[in-house]
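Read off the chains here:
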Amino acid sequence: MKTKFDELLDFPCDFRFKVMGLATDKLADEIIEVIQEHAPGDYSPEVRPSSKGNYYSVSVSVVVVSKQHIETLYRALSDIEDVRYVL
């Protein structure tokens, strides 16, 4: 991934991931499970439904330590079956 995170951020820092996916009961839990694998901690996801209720937006702040750490989390979150976008 070609990103400029290392030029724009001072590590370690809080980084907010916004994940959009299908509105399933397990989506937030799956997202936290993946984050725990790469950045263990105590997380409180913020879940918001779309206007029609078909999708959820899940926002989570994570302490990241490097550009590679952010990119690894992006890839891992994108691999979740019900996830459509990771911002």
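Residues numbered from 1 in each chain as written. Predicted model: local features only at pLDDT ≥ 70, side-chain atom pairs only at ≥ 80, totals over all residues. Heavy atoms only, no water.

1. Quick notes on the overall build of the protein
Each helix and strand counted, the protein has three helices and four strands in total. Starting at the N terminus and ending at the C terminus, the protein contains elements arranged as α-β-α-β-β-α-β. Computed over the C-alpha atoms, the radius of gyration of the protein is 13 Å, within 12% of the 12 Å expected from 2.2 N^0.38 for a compact globule of 87 residues. In terms of principal-axis extent, the alpha carbons of the protein reach across some 40 × 25 × 20 Å. In the protein, of all internal contacts separated by at least 6 residues, the share reaching a separation of at least 24 is 74%. Of the roughly 5600 Å² that the protein leaves accessible, carbon and sulfur atoms contribute 48%. In the protein, the 10 positive side-chain charges and the 15 negative ones have mean positions that sit 9 Å from each other. (Helix = DSSP H or I, 4+ residues; strand = E, 2+ residues; numbered from the N terminus. Rg over C-alpha atoms; globule rule 2.2 N^0.38 Å. Contact = heavy atoms within 4.5 Å. Areas by Shrake-Rupley, 256 points an atom, 1.4 Å probe, with all protein chains shown as cover. Lys, Arg positive; Asp, Glu negative; His and termini not counted. Charge placed at Lys NZ, Arg CZ, Asp CG, Glu CD.)

2. Details of the sheet that holds strand 2 (residues 46–49)
The sheet built from four strands is open, its strands ordered 2-3-1-4 with antiparallel pairing. Bordering the open sheet on either side are strand 2 and strand 4 (83–86), each of which pairs with just one other strand. Across the sheet, the axes of successive neighbouring strands diverge by a mean angle of 25 degrees, strand direction being ignored. Looking at chain direction, strand 1 (residues 13–22) and strand 3 (residues 55–64) are connected through 10 bridges and run antiparallel. Bridge pairing in strand 3 places Leu-22 opposite Tyr-55. Of the strands in this sheet, strand 1, strand 3 and strand 4 touch helix 3 (residues 67–78), which is tilted by about 15 degrees from strand 1. (Pairing = 2+ DSSP bridges. Axes fitted to C-alpha atoms, helices over the stretch in contact; angles between N-to-C directions.)

3. Notes on the environment of Ser-66
Its location among the elements puts Ser-66 in the loop between strand 3 and helix 3. On a C-alpha basis, the gap between Ser-66 and Asp-6 in space is 7.0 Å, while along the polypeptide they are 60 residues apart. A distance of 3.1 Å separates the side chain of Ser-66 from the backbone nitrogen of His-69, its partner in a polar contact. (Polar contact = N/O pair within 3.5 Å; in protein donor to acceptor, adjacent residues only side chain to side chain.)

4. Brief notes about the nonpolar core
With 24 residues, the main nonpolar core has Phe-17, Ile-31, Ile-35, Val-60, Val-62, Val-64 and Leu-77 as its most contacted residues. Elements with a contribution of two residues or more to this core: strand 1, helix 2 (27–38), strand 3, helix 3 and strand 4. Sequence-distant contacts of Ile-31, defined by excluding residues within four places in its chain, comprise Val-19, Val-58, Val-60, Leu-77 and Ile-80. (Core = buried A, V, L, I, M, F, W, Y, C linked by side-chain atoms within 4.5 Å. Buried < 20%, exposed > 50% of the residue type's maximum accessible area, 1.4 Å probe, protein only.)

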